[in-house]
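# Coordinate inspection notes
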Amino acid sequence: MSFEWPWQYNFPPFFTLQPNVDTRQKQLAAWCSLTLSYCRHHKLYTLDVMEAQESPVFNNKKIERKLSMEAIQVVFEELRKKGNLEWLDKNKSRCLVMWRRPEEWGKLIYQWISKNGMVNTVCTLYELSNGDDTENEEFHGLEEWMLLPEIIAMDDGKGVKFF
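The model shown is predicted, which means the values in this text are computed figures rather than measured ones. (Residues numbered from 1 in each chain as written. Predicted model: local features only at pLDDT ≥ 70, side-chain atom pairs only at ≥ 80, totals over all residues. Heavy atoms only, no water.)

With that settled, the discussion passes to the overall build of the protein. When helices and strands are counted, the protein shows six helices and five strands. Helices and strands appear in the protein in the N-to-C order α-β-α-β-β-α-β-β-α-α-α. Classification of the 163 residues of the protein by burial places 37% in the buried group. Of the roughly 10100 Å² that the protein leaves accessible, carbon and sulfur atoms contribute 51%. (Helix = DSSP H or I, 4+ residues; strand = E, 2+ residues; numbered from the N terminus. Buried < 20%, exposed > 50% of the residue type's maximum accessible area, 1.4 Å probe, protein only. Areas by Shrake-Rupley, 256 points an atom, 1.4 Å probe, with all protein chains shown as cover.)

As structure tokens, this is what we get:
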């Protein structure tokens, strides 16, 4: 299945931050949505800021437009404010993109566990992220270091046990 680009992606002004506050808010919302959708579709969890400008999400070669580094930083900051991005270093050169928050992943995983009658059973992080039983689940392929906060978010006060 190929990624479906929103209509704005082929609209040249979309690649220039707009000066009007209302227009800019709508534009940033569209950029945030596009970035999260693209990362979700391609199962991207980390982005390198220097490489981002050449990424298809910020560089439309068809219309020969790309978002400036400054504008990409504004989009990333907006994603951070919404809780969808965390910086991985002090220089803000790499970031973790969360198209789902840890609580959302935890809820999704718990629903799968409940649906499959696996409550109170031992299951490894590897089995959740790479097991045959999870192949058709959205969390399949989720990197283990990303999965750990999601599991911790599932703590119901009785504790989460790892074996």
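Following the structure, the description resumes.
With 22 residues, helix α1 (residues 21-42) extends 31 Å from end C-alpha to end C-alpha; this agrees with the ideal 32 Å at 1.5 Å per step. Gln-27, Leu-28, Ala-30, Trp-31, Cys-32, Leu-34, Thr-35, Leu-36, Tyr-38 and Cys-39 are the residues of α1 that are buried. On its buried face, α1 sits against β1 (46-48), α3 (69-81) and β5 (94-97). Its side-chain oxygen 3.0 Å from the backbone nitrogen of Asp-22, Asn-20 forms the N-cap of α1. The first or second residue beyond α1 is Lys-43, which carries a positive phi of 50°. (Expected span 1.5 Å × (residues − 1). Contact = heavy atoms within 4.5 Å. Polar contact = N/O pair within 3.5 Å; in protein donor to acceptor, adjacent residues only side chain to side chain.)

All right, on to the nonpolar core then. Counting residues in hydrophobic clusters, the biggest one holds 42 residues, and the most contacted among them are Trp-31, Phe-58, Leu-67 and Phe-76. Of all the elements in the fold, those that place two or more residues in this core are α1, α2 (49-52), α3, β4 (85-87), β5, α4 (102-115), α5 (125-130) and α6 (144-153). Per-element accounting of this core gives the leading share, eight residues, to α1. (Core = buried A, V, L, I, M, F, W, Y, C linked by side-chain atoms within 4.5 Å.)

As enumerated under the stated definition, the model contains 14 aromatic pairs in all. The interplanar angle of 5° and the centroid separation of 4.2 Å between the aromatic rings of Phe-14 and Trp-31 together place this pair among those described as stacked. Residue Phe-14 is found in the segment before α1, and its partner Trp-31 is found in helix α1; the two are separated by 17 residues along the sequence. Here Phe-14 matches Trp-31 in class, with each residue buried. (Phe/Tyr/Trp six-rings, centres within 6.5 Å; stacked < 30°, edge-to-face > 60°.)

For α4, with 14 residues, the first-to-last C-alpha span of 20 Å sits near the 20 Å given by 1.5 Å per residue. For α4, every residue scored as buried is listed here: Pro-102, Trp-105, Gly-106, Ile-109, Trp-112 and Ile-113. With its buried residues spanning 125° around the axis, α4 presents them on a single face. Set apart from the buried face of α4 by more than 90 degrees, the exposed residues are Glu-103, Lys-107 and Lys-115. Positive phi appears at Gly-117, one or two residues downstream of α4, with a value of about 60°. (Arc of directions from axis to C-beta.)

As a further point, take the pattern of salt bridges. On inspection of all chains with the given rule, the structure shows six salt bridges. For the salt bridge of Glu-138 with Arg-40, the shortest nitrogen-to-oxygen distance reads 2.7 Å. Of this pair, Glu-138 sits in the loop between α5 and α6 while Arg-40 sits in helix α1, and the two are 98 residues apart along the sequence. Where Glu-77 meets Arg-80, a salt bridge forms, and the shortest distance between an N and an O atom there is 2.5 Å. Note that Glu-77 and Arg-80 are positioned in helix α3 at a spacing of three residues, about one turn of the helix. Residue classification places Glu-77 among the partly exposed positions, given a relative accessible area of 24%. Judged by its relative accessible area of 36%, Arg-80 is partly exposed. Here the residues in one salt-bridge network are Arg-40, Arg-100 and Glu-138, joined through shared partners. (Salt bridge = Lys/Arg side-chain N within 4 Å of Asp/Glu carboxyl O.)

Right, let's get into the layout of surface pockets. Of the volumes computed, that of the second largest pocket is approximately 170 Å³. Considering only residue class, the lining of the second largest pocket consists of five nonpolar, four polar and one charged. (1 Å grid on protein atoms, 1.4 Å probe; cavity = no way out; pocket = protein on both sides within 12 Å on 5 of 7 lines; lining within 4 Å. Points joined across faces, edges and corners; volume = space filled by probe spheres on them. Nonpolar A, V, L, I, M, F, W, Y, C, P; charged D, E, K, R; others polar.)

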